[in-house]
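Report on the structure
Here's the letter readout for the chains.
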Amino acid sequence: MKRRIRFENWNRNFSCRPALYAEPHCVEDVVQLVRLGHNEGKTLRPVGSGYSYTPLVQTDEILVSLNRIQGVERIDRDIPAVTVRGGTRLFHLNRFLASQGFALGNLGDIDRQTVAGAVSTATHGTGLGLGNISSEVLEITLVDGRGNLTVIQDRPRLRAAAVSLGAMGLMVSVKLKIVPHYWLQVDRKVVELDRALDELDRNVANHRNFEFFWFPNLDFAFTKTMNLTANRAAAGMQLFVRPVNDYLVENGILWVLNEWSRRFPGARDRLLNIIPRVAPQEVSFEPAERAYATPRWVRHNEIEYAIDIRNVHRALTELRRSLHEAGTRVLFPIEVRFCRRDDLYLSPSSDRDVAYISAHTYADEAYHGYFQRVEQIMKRFGGRPHWGKLHFLSGNDFAYLYPRWDDFHRERQTLDPEGLYLNPYLKTIFAGKREPSSG
Ligand SMILES: Cc1cc2nc3c(=O)[nH]c(=O)nc-3n(C[C@H](O)[C@H](O)[C@H](O)COP(=O)(O)OP(=O)(O)OC[C@H]3O[C@@H](n4cnc5c(N)ncnc54)[C@H](O)[C@@H]3O)c2cc1C
């Protein structure tokens, strides 16, 4: 199906009107479409669920969604691994895996993304023993820039393709490592921020998944730990508790507080102080497919940086001091998560264990000053931005941050020599050079 549309990302911070929007029905259609673009000299951008804040998919030429190319192709029980079509939503994959006695090893805050979209930007959850979703990729089948169906299994090329921002080809299927199905005990607590910082190393080391968040200029932190459990006795309770927490507390109250604060800015401090009182403190028991993601209804802006975990204390101390000095009062939290190192050329956790630090604002609120302040500090600690989240970096900044930048581009060139998959945003980023040019 081909038609004209106006595309908007989830956050509605960018939109575009592609000359052609296509939802091919099968891999053969994808091949034909890419050849059409190639022959007519038109660029093409793959889009997933549109859950990226950066204009990765923005184009006025051809926009391709794999909405109609979804579903699981195969489970290899002995590895174990799943081969899944690129347009499959993570929540569909999770449910299917659970029905087969399997699960993904980790997941981020939401599960609405497509598999190909999540893989392309190194989507991560939290847990220092756990890598991002791209590091779980064993094989990618894509249609390259000349319309050839290509299977990528060999390491050098996979190290480039597993985080490639839709710039090496259109991924029609991905083979991912999976694990036997499991349950998690989830503990949510409100503690003093100083205590959360003091206990950070211990919590990271002792829990399978650990994260915490705090609101700038509030001295409380909200911690969340998750650990494997065989205890499902209390699971029945969750039928009620989880929806109350997910829908009412995490979304409804956040929205109400932000709307009030926008209308009555003078009440912001009082509103901030409500948060620790309404935040949930509970223990719950959740199956893997339900434990990680919560609905995100309140539109917001987000910046997120991965810094070497060895710098996390200094970076957080500096961030806290800086936001205090600036008198930042935002009714959206700063979130701190952790991720295991990998060897993928453009992964923010390439060659280092990282702490991910993210800041948010309500969608309609100005974010530049606040996010630039956060970014300045993250840059000082060699931070790398999440590819799908807001940043103010140039191509040269990226080239400097990624030691394997040139290796990535060498692999990219072999699959898309004419730049069929590049839009203006990617062209700007990819123009970045590691060394100053001599000319
Ligand atoms: C509310 C919210 C919560 C989030 N939570 C997290 C989180 O917890 N952890 C985290 O790491 N990130 C998180 N993200 C970011 C999100 O996971 C990434 O931006 C992800 O890439 C979005 O997936 P998508 O399917 O929407 O892809 P899109 O945003 O549509 O596209 C992302 C990239 O994938 C490429 N792409 C899409 N489909 C294909 C394909 N078939 N072949 C090749 N390339 C393709 C696109 O060209 C683009 O470069 C969150 C985002 C939002 C809005």
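For the structure, see preceding data.
The residue count restarts for each chain, going from 1 along the sequence in the order it is written. Side-chain atom pairs in this predicted model are given and counted only at pLDDT of 80 or more, local residue features only at pLDDT of at least 70, and totals for whole chains, interfaces and linings cover all residues. Each side-chain value is worked out from all heavy atoms of the structure, with water and hydrogens disregarded.

1. Brief notes about the overall build of the protein
A tally of helices and strands in the protein yields 14 helices and 21 strands. The buried label applies to any residue whose accessible area, calculated with a 1.4 Å probe on protein chains only, is under 20% of its type's maximum; exposed applies above 50%, and partly exposed to all values in between. Out of the 439 residues belonging to the protein, those deemed buried represent 60%. Accessible surface area values rest on a Shrake-Rupley calculation with a 1.4 Å probe, where residue burial reflects the displayed protein chains alone. Split by element, the accessible area of the protein, about 18,400 Å² in all, is 50% carbon and sulfur. We count a stretch as a helix when DSSP gives it H or I for four or more residues in a row; a strand needs E for two or more, and each element gets its number in order from the N terminus.

2. Concerning the pattern of salt bridges
Only one rule defines a salt bridge in this text: a Lys or Arg side-chain nitrogen within 4 Å of an Asp or Glu carboxyl oxygen. Applying the stated criterion across every chain yields a total of 28 salt bridges. Close ionic contact of arginine 337 with aspartate 109 constitutes a salt bridge, the shortest N to O distance being 3.2 Å. One end of the pair, arginine 337, is in strand S19 (residues 334-339); the other, aspartate 109, is in the loop between strand S9 (102-103) and helix H3 (115-120), and 228 residues separate them in sequence. We classify arginine 337 as buried; its relative accessible area is 4%. Its salt-bridge partner being arginine 146, residue glutamate 418 comes within 2.8 Å of it at the nearest N-O pair.

3. Comments concerning the side chain of serine 173
On the secondary structure map, serine 173 appears in strand S12 (residues 170-177). Contact definition: two residues touch when any of their heavy atoms are within 4.5 Å. When near neighbours in sequence (up to four residues on either side) are disregarded, serine 173 contacts Glu73, Thr83, Val84, Arg85, Gly86, Glu139, Ile140 and Thr141.

4. Thoughts on the sheet that holds strand S8 (residues 81-85)
At least two bridges found by DSSP between two strands is the condition for calling them paired. Taken in spatial order, the five strands line up as S7-S8-S12-S10-S11 in an open sheet, and their pairing is antiparallel. Both outer strands of the open sheet, strand S7 (72-76) and strand S11 (149-152), are each paired with one neighbouring strand and no more. Adjacent strand axes in the sheet meet at a mean angle of 10° when their direction is disregarded. Where strand S10 (residues 137-143) lies against S12, six bridges are found, and the strand directions are antiparallel. Each residue of the ladder has a partner; that of leucine 142, found in S12, is methionine 171. Only the stretch in contact is used when a helix axis is fitted, and all axes are lines through C-alpha atoms; the angle between N-to-C directions ranges over 0 to 180 degrees.

5. Observations regarding the sheet that holds strand S18 (residues 300-308)
Pairing is antiparallel across the open sheet formed by eight strands, whose spatial order is S17-S14-S16-S15-S19-S20-S18-S21. At either margin of the open sheet sits one strand with a lone partner, and together these are strand S17 (282-287) and strand S21 (384-385). Direction of pairing for S18 relative to strand S20 (residues 354-362): antiparallel, over a ladder of nine bridges. Across the sheet, residue isoleucine 303 finds its bridge partner in S20, namely alanine 359. Sheet contacts for helix H11 (residues 368-380): S18, S19 and S20; angle to S18, the most-contacted strand, approximately 10°.

Everything listed is a geometric property; what it means functionally is a separate question.
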